[in-house]
Structure formats: structure tokens, C-alpha cells
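An overview of the molecular structure
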Amino acid sequence: MITAAVVIVGLCIGSFLNVVILRLPKGESLVRPRSHCACGATIRWHDNIPLLSWIVLRGRARCCGRAIPVRYPLIEAATAALFYLVWRHAAPDIGLAAAGWVFLSVLLAAAVIDAEHMIIPESLTLGLGVAGVILAFIVPALRSEGLLATLAAGGHALLGLAIGSGLMLWIASLASALLRRDAMGMGDVLFVGGIGAFCGWHGAVFAIFGGAFVGLFWVLAAVLLRRAPRMTSRLPFGPMLAIAAALYYLVLTTPVEAWFTQVGALFQ
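Every value quoted in this text rests on a predicted model; they were computed, and no experiment measured them. (Residues numbered from 1 in each chain as written. Predicted model: local features only at pLDDT ≥ 70, side-chain atom pairs only at ≥ 80, totals over all residues. Heavy atoms only, no water.)

Counting secondary structure elements, the protein contains nine helices and zero strands. Listing every helix and strand of the protein by position from the N terminus yields α-α-α-α-α-α-α-α-α. Out of the 268 residues in the protein, the part that is buried amounts to 40%. Across the protein, the fraction of contacts at a sequence separation of at least 24, relative to all contacts at a separation of at least 6, is 68%. Carbon and sulfur atoms provide 70% of the accessible area of the protein, an area that totals close to 15,200 Å². (Helix = DSSP H or I, 4+ residues; strand = E, 2+ residues; numbered from the N terminus. Buried < 20%, exposed > 50% of the residue type's maximum accessible area, 1.4 Å probe, protein only. Contact = heavy atoms within 4.5 Å. Areas by Shrake-Rupley, 256 points an atom, 1.4 Å probe, with all protein chains shown as cover.)

So, in C-alpha cells, the structure goes:
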């Protein structure tokens, strides 16, 4: 029952993320007006049930018959899957799970917006950093681990934010100097800072270089498919960072931390 509830909540959050992805880059309110079709008609509640309504309507709007982008059910399904994976990772700690849900929801929204518009809104990047620091202070307190544990977790989040964004800023500055043009936007810098607030500076560093590897695989795929000009002409870094950060958070934390420990031992 708990797993089913987690998946249902994930579907509902995914539906909200569709609103965020559509309206936030335009500077529109996320609350008003109500969800409406491209023709202007308000979408009724029974036609706005996450995933199910798209299947029942066969991907067509009831009011005008226009095609409903497949992106909507995909994001809803992806969010539900991420919520399930976070719960498997964090259960039975509801505080830790809630922090993971916030983190991965923002990663997904930022990745899709950056892929479509080549920007990551500051409300997402700065919000991610602030949420990471606040949750770092709150979650240990929920587990009653004491004041020292709470302060340590908060300090870890602040350190991750500072080192992640600082390292990314240096990389962006050096790349811009070498290429003699803007190689990276400030959105990416702030985004890595937010990742560091949730994952610590080790996670932020992994997101930067792991994201670079994800981008490399994307370029190789484009070359193999003989679509390099089209697939690499607009190559935002935000989705690569989001994929690497999600991988670190969900499955790679232990091996990455072990690697950092081994590297640190070499300098002792």
C-alpha cells in the first residue's frame, strides 16, 4: 500500500512538473489559470488524471482533438519511477525519502527545460541550493540524531554548494577563455551548487565529470547514427548534469565515496 501511494504521489507530482516545465520559462504563474488546452478550453478534472487520462483519450484532447504531446505522460511516468526508486533507497526514513523526491523532481524539471530552452531558471537552481541546505538541517533532526549531527549535515550541504558552484565557475571561466566565447551559462554553475547542497561536494564533482562522460556518449551516439550536426548543434549541459547527479544519488554513492577515500589516502 505504501509503495502504491508513493507511485500515485509521483504521478501527481509529475503532472505538476509538466506545468512547471511549460510555464516557468515563460514567466507565467504556476497556479493560474487552470490547466487548459492549446485551443484555450479548460481541461476538466477527469481529463487531467495523470497518465490515465492520456491513455483513455488516446493522446488526443477531448475538446478539439489536438494531439497531446507524449512528453506529458512520459514525465509523469518518469517521476513516478523516480519516486519509487527513492523510496526503495530511503525506506523507511520518510524524511530522507522526501528530500530525495524534492531533489530528483527539480533535476527532472531543470533537465527538460534546459533541453528545450537552453536555460535553467534561477528559481530552480537557487531554489535547489536553498532547499538542499534547509533539508540537510531538518532531516537529521527528524531522525533525532542530535544537534551536532544536524549542524554537521548542514555544514556538509553548505560545503557542497560552495565547492560545487565554485569548481563549475572555474571550469566555465577557463573554457570561455580558451574558446573565446561563453562556453557555459551561470545556470549550470548554480545548478551544480544545488546538486552539491544535496549530494555534498563529492557528488557535485561527480556530476560535473560524470555529466561530461554522458555528453561524450551523446556525441558518440550522434556520430554512429550519422546525425552529429543535428544532435550536437544545441547540446545543453544541464540534462547531462542531472543524469549524473541522479545516478550518484540513487546507485553510485557508495563506489564514488570509496574512490574518494582511496584517493585521499594517497595524500596522507
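Applying the stated criterion across every chain, the model contains one salt bridge. Between Glu116 and Arg71 there is a salt bridge whose closest N-O contact spans 2.4 Å. Within this pair, whereas Glu116 is found in helix α4 (residues 94–117), its partner Arg71 is found in helix α3 (residues 71–90), the two being separated by 45 residues in sequence. (Salt bridge = Lys/Arg side-chain N within 4 Å of Asp/Glu carboxyl O.)

Moving on: the packing of α3 against α4. Where α3 meets α4, the axes come as close as 9 Å, and the angle between the chain directions of the two elements is 150°. With respect to each other, α3 and α4 are oriented roughly antiparallel. For α3 against α4, the interelement crossing comes out right-handed. Note on element contacts: α4 touches α3 through Ile94, Leu96, Ala97, Gly100, Trp101, Leu104, Ser105, Leu108, Val112 and Glu116, opposite Arg71, Ile75, Ala78, Thr79, Leu82, Phe83, Val86, Trp87 and Ala90. Across the contact of α3 with α4, the residue classes break down as 14 nonpolar, three polar and two charged. (Axes fitted to C-alpha atoms, helices over the stretch in contact; angles between N-to-C directions. Parallel < 35°, antiparallel > 145°, perpendicular 65-115°, else oblique. Left-handed = near helix turned anticlockwise from the far one by under 90°. Nonpolar A, V, L, I, M, F, W, Y, C, P; charged D, E, K, R; others polar.)

Taking 1.5 Å of rise per residue, 22 residues should cover 32 Å, and helix α1 (residues 2–23) covers 32 Å from first to last C-alpha, within 8% of that figure. Buried within α1 we find Val6, Gly10, Leu11, Gly14, Ser15, Leu17, Asn18, Val19, Val20, Ile21 and Arg23. Residues of α1 that are buried sit in contact with α3 and α4. (Expected span 1.5 Å × (residues − 1).)

This next bit is on the side chain of His202. Tracing the sequence through the fold places His202 in helix α7 (residues 186–224). On the basis of relative accessible area, His202 is assigned to the buried category, the value being 18%. Of note is the side chain of His202, whose polar atom sits 2.8 Å from the side chain of Glu257. Once residues lying within four places of it in the same chain are set aside, the contact partners of His202 are Tyr248, Glu257 and Phe260. (Polar contact = N/O pair within 3.5 Å; in protein donor to acceptor, adjacent residues only side chain to side chain.)

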